[in-house]
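Survey of secondary and tertiary structure
Take a look at the letters that make up each chain.
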Amino acid sequence: MKLNLSPAPHVHTNQSTRTLMRNVLIALLPCAVAGVGFFGFNALMVLVVSTFSAVAAEYLWQAATRQKVRVGDLSAAVTGLILGLNLPATAPLWMVAIGSAFAVVIVKGLFGGLGDNFVNPALAARAMLLASWPQYMTRWYAPAGLAAVDAVTTATPLSNPGGFTTLQLILGSIPGSVGEVCKIAILLGFAWMLYTKTVTWRIPVVMVASTAVFSLAFGNNPLTAVLSGGLLFGAVFMATDYATCPMTAVGQIVYAALAGLLVAVIRKFSDYPEGVTYAILLMNVASPVIDHFITRRVYGHGKEAKNG
Amino acid sequence: MAKWNDSPLFRLALAACAALVAATNAVNGLTLGLATGCVLVLSGAVAALLDNFIADEKGRVVLFMVISAVFAGIAQMIVKAVCGGTAAALGIYLPMIAVNCLLLARPADENGVGPAVSDGVKQALGFICLVTLLGALRELMDVGTVFGAQVLPKGLQLTAMAALPAGGLLLLGLLAGLANLIKPKRSGKEDEAA
Amino acid sequence: MANNRTFRGGVHPLHEAHEGKSPTSGVATRDFNAKAVSIMMGMHLGAPSTPCVQPGDHVKLGQVIGEPVGFLGLPVHASVSGEVLEVGPVQSVNNPAAMAVTIKNDFKDEWVELHPLGDVETCPVDQIVPAIKAAGICGMGGAAFPTHVKFAVKEGQYCDTIILNGAECETHLTCDHRLMLEKSGRIVDGLRAAMRALNVKRGVIAIEDNKPDAIEAMTKAAQGRNGVEVMPLQTKYPQGGEKQLIHVVTGREVPTKKLPLDVHVIVLNVGTAYAIADAVIEGKPLVSRITTITGKVKKPSNLRIRVGTRVEDLIAECGGFSMDREHVGKIVLGGAMTGFPAPTTRVPLAKANNGVVVYCAKESVEPEETPCIRCGRCVDACPIGLVPFKLKFMCEADDMQAASANNIMDCVVCGSCSYICPAHRVLTSAFKAMKDKIAAEAKKGKG
């Protein structure tokens, strides 16, 4: 009889990094299915290439730097799929692969790997792609179903406010990137993540509410503002990335509120039609500052600790 | 290898701002580098000459700023006269050589004119090479030319981001990483012994 | 019905399996008298006592076999009557050479001459604390702090509340639960004795609300007893932790580096209160306790054991392992969150060992530690308000200064962070090691 002498605690939660990531992948499935349904075969290829190249890039990077290869924890797959869902269905596949590699190797790997990325990798990759090849990143085609082969470029709801009904915005039969159009799919995914306790309600709800409030303040229809563009997708799937949001509840609320404000400001006052990418990236970078100022009080410290 | 450890862009991370925005092609990079380098060497030499006459630490800093401002002004006039187009492309970063951190961060030199000049020359050479390289790479990736000579097939644009400051910063980081790979940083203790 | 106030953080280990308590919570305690016992001299927090018997001596039940040493010293008593077989080192749970007195049980249970003080409500007040010390009573909930020292009130201090810890928030353990069901009157007697010793007006028996029958039993026993009340608490780990208990029951927080007495509170385990009652009413020293033996044994039980009983005897009494010996993976003394793994089955139980949990090999496989994903679950779980993932990085870098500055010394080593971490980071034991290191450095600096 050989007795194990590992220290307490001797019981652990069932959740692991892999199960958390798997739950996110499942939550992304409705968006993926809706995207492929609306944008056809092109969208499917984008998603497949983005996910596969992210996993391959992580494998190669970890092997080349002689680390333990951990693609099994599915974090690269999540990054790849989120990036793919953020791109237009017509994105050239070589560009998609470069974006995935950039996200996994430069934003994540060079900074220390899982948990050490300083901004959301998929979002940073999207920003890099937009800056490098803007002509490919702004070709939006109207959804034409699975049979879509050739289509005509059209303007998205953000460039053409009022050109779509609210129902269209909710269901997703609008031009946009693969994953962001169908709001119902996004909400389904959000519900799954809440049920499996993968994320808490705070960041998505506060960010969406904040965007609505500030959009109203700037003179736009709040409902349309919330349902247009990548706000819902960004708030649910990208602002909630663990490594780049604050760790306290109050900190997260401040983070999400400011992100919403930034989205409304960028949309209203800048040349960009879409503000979600940069709003979240900016708040990612501000997270450590938020964590520095908004901390938890330690038991026994501060004036709440009675002293005789 | 003192040259590497004092390398302004790669090790000391100084003067990056000017390099990122202004050095968008090889010619701009070279011009900026030469201008900065000359001002660096000359103002360093003059400051070393006048060192003996100023005892006060604060006075020395003010004096140095005045000297570098004078030389920067001269450099600006020369560059404008020689290649006005480049001067326009460099924009505000040409007169800003006066307050370039690289100049202001020079350690107080007690050893006299000779070492001050040779130190300045070493730093300047490094800076010129690297900023020209950066500019050349960015030009290559953006429009496919180097110093105006077409290298890549005409019309092929690798990436538009290289010409932007963001792309420049990324490229600078990658080059610095490459430099670290080739010549790893030495610890501080070894520096003092060397 | 439960107190709405709860502490921040905390986790619910094994919640789907009723915290592992269902095999034993409904089983009545039975006595177990082993063939031999090895009573260790260092069962309490403080210097080990000096043995004062020799092999060949005949000892009576309750006879002093170890003399106290130092301010935190406690006397050690024979838990059986019989012949002293050996006085020497034995392997204990955390000490490969713990001095112990091994006695062969003659099963006569001949008590030594006892000096009872009488009824707790009428006995002389100033003799209560000396009786507690003479009985060798230490914290029975696991901490093993000499109880009489808890009553040492310094100049300017006073105590206005005594809390009995009936929370039993640890997984698998039901010994306190059974004690509250079976000996509720005696527990209240012990509380009353403690209250009278320091003229304390309020005594609170705090019980987690997953034990409604115990709440009912103790409420009945507390009726008519001066100043004694029963307070049900929300079930959450680590509600039974001293700091959390004080905060929820009284609303006060123990300031860092201070003791409960600095906020006028004394906390005692219900088992300790029972031992106090035995000492005052019958003059009996601490020689037995209830221990929960559960996990992969054939008959999980609560046994009233004699101090010094070996683990192997307990397992045999519970029908032996419920699988082959070679598939036994781990034997934990205590609960799953804070228990110590036993190196062999021959280790003897001490005064504060409240449980033995047997794990099979499959259950004992440690999950692999993977990189931190910064999910922040550990931050949410910490009942003290620390940031465990950051402290772990400081421990990995061996940075004692940063760890100290980030309040690692306030960590109560409850295990909540390690439990909840999805990356299975080794947190709790790393913090314990760093805390020990910092304390050792501080001692070196002073002495």
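Residues numbered from 1 in each chain as written. Chains lettered and ligands numbered in written order. Predicted model: local features only at pLDDT ≥ 70, side-chain atom pairs only at ≥ 80, totals over all residues.

For chain C, the count of helices and strands is 14 helices and 17 strands. Compactness check: chain C gives a C-alpha radius of gyration of 21 Å against a globular reference of 22 Å for 447 residues, within 12% of the reference. Each principal axis of the C-alpha atoms in chain C carries an extent, and together these give about 60 × 55 × 50 Å. Here chain C, with 447 residues, has 57% of them falling under the buried criterion. At a minimum sequence separation of 6, the contacts of chain C that also span at least 24 residues come to 73%. (Helix = DSSP H or I, 4+ residues; strand = E, 2+ residues; numbered from the N terminus. Rg over C-alpha atoms; globule rule 2.2 N^0.38 Å. Buried ≥ 20, exposed ≤ 12 C-beta atoms within 10 Å, placed from the backbone. Contact = placed C-beta atoms within 7 Å.)

With that settled, consider the overall build of chain B. If you tally the helices and strands in chain B, you get 10 helices and 2 strands. Beginning at the N terminus, the succession of helices and strands in chain B can be written as α-α-α-α-α-α-α-α-β-β-α-α. For chain B, long-range pairs separated by at least 24 residues make up 72% of all intrachain contacts whose partners lie at least 6 apart in sequence.

On to the sheet that holds strand S9 (residues 161-166) of chain C, then. All names here are of chain C. The parallel open sheet is built from 4 strands, whose spatial order is S11-S10-S9-S12. Two strands in the sheet have a free side with no partner beyond their single neighbour: strand S11 (228-233) and strand S12 (265-269). Sheet twist, expressed as the average angle between the axes of neighbouring strands with direction ignored, equals 25°. The pairing of strand S10 (residues 202-208) with S11 spans 6 bridges and is classified as parallel. Within S11, the residue paired with glycine 203 across the bridge is valine 228. On the sheet, helix H6 (residues 212-222) packs against S9, S10 and S11 and is oriented at approximately 165° with respect to S11. (Pairing = 2+ DSSP bridges. Axes fitted to C-alpha atoms, helices over the stretch in contact; angles between N-to-C directions.)

What follows deals with the arrangement of the chains. Between chains A and C lies the most contact-rich interface of the 2 pairs of chains that touch. Nowhere do chain B and chain C come into contact; their C-alpha atoms are at least 19 Å apart.

Another point: the interface of chain A and chain C. In this assembly, 35 residues from chain A lie in contact with 52 residues from chain C. Of the residues in the side of chain A that touches chain C, the class split is 15 nonpolar, 14 polar and 6 charged. (Nonpolar A, V, L, I, M, F, W, Y, C, P; charged D, E, K, R; others polar.)

What follows is about the environment of His247(C). Residue and element names in this part refer to chain C. As for its position among the elements, histidine 247 is in helix H7 (residues 242-250). Sequence spacing of histidine 247 and arginine 306 is 59 residues, and the spatial spacing of their C-alpha atoms is 34 Å. Excluding its chain neighbours within four sequence positions, the residues that come into contact with histidine 247 are Phe7, Arg252 and Glu253.

To continue, consider the domain arrangement of chain C. As assigned here, chain C comprises domain 1 (32-105), domain 2 (135-282) and domain 3 (377-446). On a C-alpha basis, the centres of domain 1 of chain C and domain 3 of chain C stand 35 Å from each other. (Domains from an automatic or database assignment.)

Contact with chain A, which involves 5 residues of that partner, is made by 6 residues of chain B. Ranked by residues supplied to the side of chain A that touches chain B, first place goes to helix H5 (residues 121-132) of chain A with 3 residues. Split into classes, the residues belonging to the side of chain A that touches chain B amount to 4 nonpolar, 1 polar and no charged.

Residues of chain C with pLDDT of at least 70 account for 99%, and the chain-wide mean is 92. The complex prediction reports pTM at 0.88, with the ipTM value standing at 0.89. (pLDDT = per-residue confidence, 0-100.)

This next bit is on the packing of helix H1 (residues 17-39) of chain A against helix H2 (residues 41-64) of chain A. All names here are of chain A. Across the interface, H1 lies against H2 with an axial gap of 6 Å and an inter-helix angle of 140°. The angle between the axes of H1 and H2 places the two elements in the oblique class. Counted together, Ala32, Gly35, Val36 and Phe39 of H1 and Asn42, Ala43, Leu44 and Leu47 of H2 form the full contact between these two elements. (Parallel < 35°, antiparallel > 145°, perpendicular 65-115°, else oblique.)

Here we come to the sheet that holds strand S6 (residues 76-77) of chain C. Residues and elements named next belong to chain C. Spatially, the 3 strands line up as an open sheet ordered S3-S5-S6, and their pairing is antiparallel. Each edge of the sheet is formed by a strand with only one pairing partner; in this case those strands are strand S3 (50-51) and S6. Two strands pair when backbone bridges link them, and S3 and strand S5 (residues 64-67) are joined in this way by 2 bridges, in the antiparallel orientation. Bridge assignment links threonine 50 to a residue of S5, and that residue is glutamate 67.

Take helix H9 (residues 202-217) of chain A next. Residue pairs three or four apart in sequence face the same way in an α-helix, which turns once every 3.6 residues. Residue and element names in this part refer to chain A. If you check H9, its first and last C-alpha atoms are 22 Å apart, about what 16 residues at 1.5 Å a residue would give, namely 22 Å. Along H9, the residues that are buried comprise Ile203, Pro204, Val206, Met207, Val208, Ser210, Thr211, Ala212, Phe214 and Ser215. Where H9 is buried, its residues touch helix H8 (183-195), helix H10 (222-227), helix H11 (231-238) and helix H12 (249-269). Two residues or fewer after H9 comes glycine 219, characterised by a positive phi angle close to 95°. (Expected span 1.5 Å × (residues − 1).)

This brings us to the pairing of S12(C). All names here are of chain C. Counting buried positions along S12 gives 5 out of 5 residues, so the element sits mostly inside the fold. With burial as the criterion, each face of S12 is covered, one bearing Val265, Val267 and Asn269 and the other bearing Ile266 and Leu268. Bridge analysis of S9 against S12 gives 5 bridges, and the strand direction is parallel. Looking at the pairing, threonine 161 lines up with valine 265 of S12.

Moving on: the pairing of S10(C). Every other side chain in a regular strand lies on the same face of the sheet, so the side chains alternate between the two faces. Residues and elements named next belong to chain C. The buried fraction of S10 amounts to 6 of the 7 residues, a majority that puts the element mostly inside the structure. Bridge analysis of S9 against S10 gives 6 bridges, and the strand direction is parallel. For leucine 164, the partnering residue across the bridge sits in S10 and is isoleucine 205.

All of the buried residues along helix H11 (residues 388-396) of chain C are Pro388(C), Phe389(C), Leu391(C), Lys392(C), Met394(C) and Cys395(C). Trailing H11(C) by a residue or two, Asp398(C) shows a phi angle of about 60°, which is positive.

On to unusual backbone geometry, then. Cis geometry is adopted by the peptide bond preceding Pro9(A), which originates at Ala8(A) and carries an omega value of -5°. Within the element layout of this structure, Pro9(A) appears in the segment before H1. Of the consecutive residues Tyr237(C) and Pro238(C), the connecting peptide bond is found in the cis state with omega at -5°. If you check the backbone angles, Lys257(C) has positive phi at about 65° while not being a glycine. Within the element layout of this structure, Lys257(C) appears in the loop between H7 and S12. Judged by the 9 C-beta atoms lying within 10 Å of it, Lys257(C) is exposed.

Residue and element names in this part refer to chain A. At a minimum axis distance of 8 Å, the contact between H2 and helix H4 (residues 93-109) shows a crossing angle of 40°. Every pair of crossing elements has a handedness; the one defined by H2 and H4 is right-handed. Seen from H2, the contacting residues are Met45, Val46, Val49, Ser50, Ser53, Ala54, Ala57, Glu58 and Trp61; seen from H4, they are Leu93, Val96, Ala97, Ser100, Ala101, Ala103, Val104, Val105 and Gly109. When grouped by side-chain class, the residues that make up the contact of H2 with H4 number 13 nonpolar, 4 polar and 1 charged. (Left-handed = near helix turned anticlockwise from the far one by under 90°.)

Residues with a pLDDT of 70 or more make up 80% of chain B, whose mean pLDDT is 76. Here residues 188-194 of chain B is a poorly scored stretch, pLDDT under 50, and it has 2 contacts once near neighbours within four places are set aside; other chains count.

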